[in-house]
Amino acid sequence: MSPLAPQPPRRVAVIGGARVPFARSDGPYATASNQEMLTAALDALVERHGLQGPGAVGEFVAGAVLKHSRDFNLARETVLGSALDPRTPAYDIQQACGTGLQAVIAAANKVALGQTESAIAGGADTASDAPLGVNDRLRRILLEARRAKTTGGRLKALAKVRPGHLVPDIPRNAEPRTGLSMGEHAAVTARAWGISREEQDALAAASHQRLAAAYERGLFQDLVVPFRGLARDQNLRPGSTVEKLAALKPVFGLDAPAPTMTAGNSTPLTDGAATVLLASEEWAEARGIEPLAYLTAYETAAVDFVGGDVAGGEDGLLMAPAYAVPRMLERAGLGIGDFDLVEIHEAFASQVLATLAAWEKRGLAPVDRARLNVAGSSLATGHPFAATGARIVATLATLLAEREGPGRGLISICAAGGQGVTAILERT
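Just so we're clear, the structure is a prediction, and the values are computed from it rather than from any experiment.

Asker: Which residues make up the packing of helix 4 (residues 136-147) against helix 5 (residues 151-158), and what values go with them?
Answerer: Contact geometry for helix 4 and helix 5: axes closest at 8 Å, N-to-C directions at 170 degrees. Judged on the interaxial angle alone, helix 5 and helix 4 are roughly antiparallel. On the side of helix 4, the interface is formed by I141, L142, E144 and A145, while helix 5 contributes R154, A157 and L158. Taken together, the residues of the contact of helix 4 with helix 5 sort by class into five nonpolar, no polar and two charged.

Asker: Lay out the packing of aromatic side chains in plain terms, naming residues and giving numbers.
Answerer: The tally for this structure, following the rule as stated, stands at three aromatic pairs. Ring centres of Y29 and F227 lie 5.0 Å apart, and the angle between their planes is 70 degrees; on these two criteria the pair is classed as edge-to-face. Of this pair, Y29 sits in the loop between strand 2 (23-24) and helix 1 (34-49) while F227 is found in the loop between helix 7 (197-216) and helix 8 (242-246), placing the two residues 198 residues apart along the sequence. In this structure Y29 comes out as buried when scored by relative accessible area, which is 0%. In this structure F227 comes out as buried when scored by relative accessible area, which is 11%. Here Y215 and F220 contribute two aromatic rings whose centre-to-centre distance is 4.6 Å and whose plane-to-plane angle is 45 degrees, an arrangement assigned as tilted.

Asker: Describe the pattern of salt bridges, listing the residues and the values that go with them.
Answerer: Here the structure, examined in full by the defined rule, presents 23 salt bridges. Here R11 and E281 are joined by a salt bridge, their closest N and O atoms 2.9 Å apart. Of this pair, R11 sits in the segment before strand 1 (12-19) while E281 sits in helix 9 (residues 281-286); the two residues are 270 residues apart in sequence, bridging distant segments of the chain. We note a salt bridge from R331 to E299, for which the minimum N-O separation is 2.7 Å. Placement of the pair is R331 in helix 10 (residues 321-332) and E299 in strand 9 (residues 293-302), with a sequence separation of 32 residues.

Conventions used here
Residues numbered from 1 in each chain as written. Predicted model: local features only at pLDDT ≥ 70, side-chain atom pairs only at ≥ 80, totals over all residues. Heavy atoms only, no water. Axes fitted to C-alpha atoms, helices over the stretch in contact; angles between N-to-C directions. Helix = DSSP H or I, 4+ residues; strand = E, 2+ residues; numbered from the N terminus. Parallel < 35°, antiparallel > 145°, perpendicular 65-115°, else oblique. Contact = heavy atoms within 4.5 Å. Nonpolar A, V, L, I, M, F, W, Y, C, P; charged D, E, K, R; others polar. Phe/Tyr/Trp six-rings, centres within 6.5 Å; stacked < 30°, edge-to-face > 60°. Buried < 20%, exposed > 50% of the residue type's maximum accessible area, 1.4 Å probe, protein only. Salt bridge = Lys/Arg side-chain N within 4 Å of Asp/Glu carboxyl O.

In structure tokens, the structure reads:
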């Protein structure tokens, strides 16, 4: 029997998205779990697109960065608690802040290869309900007690417990290899690229103003579902201005002269969840649905932020998109000028500005700021780590669709661990 001839990849359509409003940590969602938020986002997507029937969705892939042990099967448990058919397969994925976009890519690959006709991707994260680990010394004692064969042996092990052993291990926003927080890493990169405080505050103010305008004109009407009393992103400050942001004190890079990074031009810890529906053209056509856009290319990269050119800015923790995007555009035969919209995840305003500068250094044309994050981004919405990628994909696809003509959008997301995930959306 001769093998089947390989089939060309199919186009992957972005059908729609849904998310809960993002909330500052320890606020309205302080007692909401990853599963509860992700289920709310998933159910909203199911309801809006009539996905309740058997086999309506081929697969669900999602993840979280801050996970309790109870979340070991988060995606599948979310399906079982949702309006989706309980026979829908699901699995978890995680790549720090790139998790949501990697979930989209994983789902898209199966659609492109004909392994499924439709899939939902997403992510959730709660900084409020972060897991607390048992002190490692206490953990070792408890394991020793469990291994003991006699009551005396168990008591002997437990007698080693000291008050200091009862202090829990609290998750830290720090890289294990360097001990520096993401903000401190970003401050090093900001200095290396000469990013000014004024530039950062201007970008942050624009993010808030553009997000507010997008809400006012109804862009998020089909994308954001109210949850726990919120109807809009809680971090949004419509009245943000460069003058107001200039009054804030720096919080990162204080070990060097003239620090520039403040709470206002950095993304706050955030809770939230987001989902995206992907499908084949045939699936959409059979249901009379016009896709918002098509996912046509993606690329990942990583930098050596430990031993590389960190001081020079080339290998800063959040600079991997500076390598991923040029590679992706070369493969696609495109330049920056071919994009109507550019979406760069705003972990920090300084990181966005450093990325733009690095693209130009690598031969890409300057990004027209009028096309950059036109509906605001993470500085205004907040950044629940694993949810950001799905938020950006759904928002960009909606922005392209409202243009009522051909268009192309670029996505760039930096991630902890010195990684970057990027993608291209197109509407023809």
